[in-house]
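Close look at the chain arrangement
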Amino acid sequence: MSLNFKIKRLLPGFTLLLLASFSLVADSLQRIDVTITTHLGDEQRFSQGDAISFLLSLDKAAHIYLYYQTGEQQVLQLLPNQWQKNHYEAGLFIPFPAPEAQFNFTILPPFGEDKLWIFASDAAAIELPTASSINGLQGINLSIDQIRQKIKNQSRSGFGESSLMIMTIGGI
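About the criteria used
Residues numbered from 1 in each chain as written. Predicted model: local features only at pLDDT ≥ 70, side-chain atom pairs only at ≥ 80, totals over all residues. Heavy atoms only, no water. Buried < 20%, exposed > 50% of the residue type's maximum accessible area, 1.4 Å probe, protein only. Helix = DSSP H or I, 4+ residues; strand = E, 2+ residues; numbered from the N terminus. Arc of directions from axis to C-beta. Contact = heavy atoms within 4.5 Å. Pairing = 2+ DSSP bridges. Axes fitted to C-alpha atoms, helices over the stretch in contact; angles between N-to-C directions. Polar contact = N/O pair within 3.5 Å; in protein donor to acceptor, adjacent residues only side chain to side chain. Core = buried A, V, L, I, M, F, W, Y, C linked by side-chain atoms within 4.5 Å.

Among the residues of helix 1 (residues 144-154), I144, I147, R148 and I151 are the ones counted as buried. Each buried residue of helix 1 lies within a common arc of 100 degrees when the element is viewed along its axis, so the set occupies one face. Exposed side chains of helix 1 directed beyond 90 degrees from the buried face belong to D145 and N153. Of the surrounding secondary structure, the elements contacted by the buried residues of helix 1 are strand 8 (62-69), strand 9 (75-79), strand 13 (112-121), strand 15 (137-140) and strand 16 (158-169).

So this is what it looks like as structure tokens:
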């Protein structure tokens, strides 16, 4: 945060404070429009064993950070990962997982309302404290709000975010 001001003495005992400018670093970031949907569209229900793929898009080139938040508030990092880069150009539909990735995103218990979060930033390397892996995905020891703030704080000129609610149910 920066605050610039001038003090001017008018008469003995009277002081005028002139506020010249006030800005927050996070507010000065350019918006990166980022969207996410599933291969079946938004607001879909997925059953145990279903494989899901996501489509991401950006209006500016950016690094993508993708997180899956379970109904129990566990956070799993999907991107970056060892199989798929996380820097993409604008105007593309980006599949996740990538066709050449060595894994599928398959619905497993526990079931309920989960949420997929995507953050886009001009910052290339953001390190987060990790937890144990869950179903082969890296757990993160931070809340979504903490992750958002960390990515936003490390962004130099651009930031964006989006989320998608996913309803998962047990097999029929």
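Further notes follow.
Within the open sheet, the three strands sit side by side as 4-7-11. Their pairing is antiparallel. Each having just a single partner strand, strand 4 (34-38) and strand 11 (94-96) make up the two edges of the open sheet. Across the sheet, the mean angle from the axis of one strand to that of its neighbour is 25 degrees, orientation sign disregarded. Summarising the sheet, strand 4 and strand 7 (residues 54-58) pair through five bridges and their orientation is antiparallel. Note that in strand 7 the partner of T38 across the bridge is F54.

Inspection of the secondary structure puts D114 in strand 13. D114 gets classed as buried once you look at its relative accessible area, which sits at 5%. Once you skip the residues sitting within four places of it in the chain, D114 turns out to touch Y68, Q69, T70, G71, L164, M165, I166 and T168. Within polar-contact distance, the side chain of D114 engages the side chain of Y68 at 2.6 Å. Within the local environment of D114, its side chain forms a polar contact with the backbone nitrogen of G71, the two atoms lying 2.9 Å apart.

This part covers the nonpolar core. F54, L56, L58, L66 and L116 are the most contacted members of the largest nonpolar core, which totals 29 residues. Among the secondary structure elements, those contributing two or more residues to this core are strand 4, strand 7, strand 8, strand 9, strand 11, strand 13 and strand 16. Ranked by residue count, the leading element in this core is strand 8, at four residues. Leaving out residues up to four positions away in the same chain, L56 has contacts with T35, I36, I64, L66, L79, L92, F93, I94 and I118. Grouped together as the second largest cluster of nonpolar side chains are 15 residues, Y65, Y67, V75 and W117 included.

A word on the side chain of N86. As for its position among the elements, N86 is in the loop between strand 9 and strand 10 (87-88). When sequence neighbours within four positions are dropped, the list of residues in contact with N86 reads A62, H63, I64, Y65 and P80.

Such coordinate-based values are descriptive only and should not be taken to indicate function.
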